[in-house]
Amino acid sequence: MTVREMQDEIMRLKKEKDFCILAHAYMSQDIVEVADYVSDSFALSKQATQVPQKNVLMCGVKFMAETVKILAPDKTVYVSNDEATCPMAHQMDVQLLKQMKEMYPDYAVVAYINTTAELKTLCDVCVTSSAAEKIIRNLDNENILFIPDCNLGDYISKRIPEKNIKLVQGGCPTHVRMSAKDVEKAKAKHPNAEVLVHPECVPAVVAMADYVGSTTGIMEYAKASDKKEFIIGTENSIVEHLQYDCPDKKFYPLSKDCVCHNMKLTTLTDILDCLKGEGGKEITLSEEVMVEAKRSIDKMLELG
Ligand code: 13P
Ligand code: SF4
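Analysis parameters
- Residues numbered from 1 in each chain as written.
- Chains lettered and ligands numbered in written order.
- Predicted model: local features only at pLDDT ≥ 70, side-chain atom pairs only at ≥ 80, totals over all residues.
- Heavy atoms only, no water.
- 1 Å grid on protein atoms, 1.4 Å probe; cavity = no way out; pocket = protein on both sides within 12 Å on 5 of 7 lines; lining within 4 Å.
- Points joined across faces, edges and corners; volume = space filled by probe spheres on them.
- Nonpolar A, V, L, I, M, F, W, Y, C, P; charged D, E, K, R; others polar.
- Buried < 20%, exposed > 50% of the residue type's maximum accessible area, 1.4 Å probe, protein only.
- Helix = DSSP H or I, 4+ residues; strand = E, 2+ residues; numbered from the N terminus.
- Pairing = 2+ DSSP bridges.
- Near = heavy atom within 4 Å.
- Sits in = over half its atoms within 2 Å of the grid points.
- Polar contact = N/O pair within 3.5 Å; in protein donor to acceptor, adjacent residues only side chain to side chain.
- Areas by Shrake-Rupley, 256 points an atom, 1.4 Å probe, with all protein chains shown as cover.
- Core = buried A, V, L, I, M, F, W, Y, C linked by side-chain atoms within 4.5 Å.
- Contact = heavy atoms within 4.5 Å.
- Phe/Tyr/Trp six-rings, centres within 6.5 Å; stacked < 30°, edge-to-face > 60°.
- Axes fitted to C-alpha atoms, helices over the stretch in contact; angles between N-to-C directions.

This brings us to the layout of surface pockets. Roughly 280 Å³ of internal volume is contained in the largest pocket. Lining the largest pocket are 31 residues, with Y26, C86, N114, E200 and M263 sitting closest to its centre. Looking at side-chain class alone, the lining of the largest pocket contains 14 nonpolar, 13 polar and four charged residues.

Here it is, written out as structure tokens:
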């Protein structure tokens, strides 16, 4: 089968079987083209509450499919590739968080959405990269325990110095591959380009950027800008999507190593197999986890 034939079959089957395909912006272009909705973590969560179809196929990593299931419990939700998990989501476990909460009883636990559903049951509110600043500003608490991405946490704490934000060790293994040296090299090679980076990057990279934002934030900024060249400091699929969307502009990856191997696990074949009932993995969560984790996700949507 060619890519085109596979895409046509996916489009036919998703209608026949009443499926909505949600895709994170880190999916490759062939997947983006068959999706009903493509965006960053915050917009995908909002979209999950409005899906009209009976079935949802989440193309991304597992915590994203869990979030969809929690927000749309009546839907049958699948993750396209069960092996696709965000390593950051597993950097902290329930036991460790319980101990941290005992050590800091008067702190609100703010969790990056890149956490397991089980961990979310212990958190006060979730945040995403695009909504973290707004949510933390809107939160009544002054003392905050921010888990598990120290780079996003560091970026937010510098934006909101009036809050006491304690960072708990962790981070994205993909974004930390980019260094200040990479920025220097890329700027020397493309002196007219603006540097756009994700807040999951290390502070030294963030400090050298012209714009810091979520995946969708970076794409919107580049599309709206009068500038013609951009160095992109996030997963390299964003470079590819921008090049298709803006053929009159030039996009360069900050590092050729910024590839998330978990996001890249999902293929068109996985999607086709899931729609045929021969692949994918249905997301099931206990009633207790669904109810308890929903509190922190609902609060995120309310404050964001
Ligand atoms: P956003 O979708 O918030 O940009 O986050 C990127 C990411 O790494 C998701 O895993
Ligand atoms: Fe996780 Fe980083 Fe991959 Fe996003 S890019 S899924 S945070 S490892």
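The final tally for this structure, using the stated rule, is one cavity of 30 Å³ or more. Of the volumes computed, that of the largest cavity is approximately 60 Å³. Considering only residue class, the lining of the largest cavity consists of five nonpolar, three polar and no charged.

Further remarks concern the pairing of strand β5 (residues 108-112). Within a regular strand, side chains alternate between the sheet's two faces. Within β5, five of the five residues are buried, which leaves it mostly tucked inside the rest of the structure. With four bridges connecting them, β5 and strand β7 (residues 143-147) associate as parallel partners. Bridged to A108 within β7 is I144. Of the pairings in the sheet, the one linking β5 to strand β6 (residues 125-127) comprises three bridges and is parallel in character. Of the residues in β6, the one forming a bridge with Y112 is V127.

So, about the site of ligand 2. Around ligand 2, the neighbouring residues are Y26, C86, P87, M88, N114, C172, P173, T174, H175, E200, C260 and M263. More than half of the atoms belonging to ligand 2 lie within 2 Å of the grid points that define the largest pocket. Looking at the shell around ligand 2 residue by residue, the class counts come to eight nonpolar, three polar and one charged.

Let's shift gears to the site of ligand 1. Near ligand 1 you find 13 residues, and of these H24, S41, S129, H198 and T215 are the closest. Here an oxygen atom of ligand 1 and a backbone polar atom of S41 are 2.9 Å apart. Contact distances for ligand 1 include 3.2 Å between an oxygen atom and a side-chain N or O atom of N114. Protein burial of ligand 1: of its 300 Å² of free accessible surface, 96% is covered by the chains.

Here we take up the nonpolar core. Core analysis: the largest hydrophobic core is formed by 98 residues, its most contacted members being L57, I136, V197 and I232. Residues within four places of I232 in sequence aside, it is in contact with L196, I218, I238, V239, L242, F251, Y252, P253 and L254. Counting 13 residues, the second largest nonpolar core, distinct from the first, contains V94, L97, Y107 and V168.

A separate point is unusual backbone geometry. Residue I147 is joined to P148 through a cis peptide bond whose omega torsion reads -20°. Mapping P148 onto the fold places it in the loop between β7 and α8 (150-159). We note that D18 has phi near 55°; this positive angle belongs to a residue other than glycine. Look at D18 and you get partly exposed, because its relative accessible area is 34%.

Looking now at the packing of aromatic side chains. The tally for this structure, following the rule as stated, stands at four aromatic pairs. Between the aromatic rings of Y211 and Y221, the centroid separation amounts to 4.5 Å while the plane-to-plane angle is 20°, which identifies the pairing as stacked. With Y211 in strand β10 (residues 211-212) and Y221 in helix α11 (residues 215-224), this residue pair connects regions lying 10 residues apart in the sequence. Given a relative accessible area of 22%, Y211 falls into the partly exposed group. Centre to centre, the rings of F230 and F251 are 5.4 Å apart; their planes meet at 15°, and the pair counts as stacked. One end of the pair, F230, is in strand β11 (residues 229-233); the other, F251, is in strand β12 (residues 250-253), and 21 residues separate them in sequence. Each member of the pair, F230 together with F251, is buried.

Moving on to the sheet that holds strand β1 (residues 19-24). Reading across the sheet, the five strands line up as β2-β1-β3-β4-β13 and stay open at both edges, with mixed pairing between neighbours. Only two strands of the sheet have a single neighbouring strand rather than two, namely β2 (37-39) and β13 (281-282). Examined bridge by bridge, β1 and β2 share three bridges and lie parallel to one another. Residue pairing for β2: L22 is matched across the bridge by Y37. Where helix α3 (residues 41-48) meets the sheet, its contacts fall on β1, β2 and β3 (55-59), and the angle it forms with β2 comes to roughly 150°. Sheet strands touched by helix α4 (residues 62-71): β1, β3 and β4 (76-79). Its angle to β4, the strand with the most contacts, is close to 175°.

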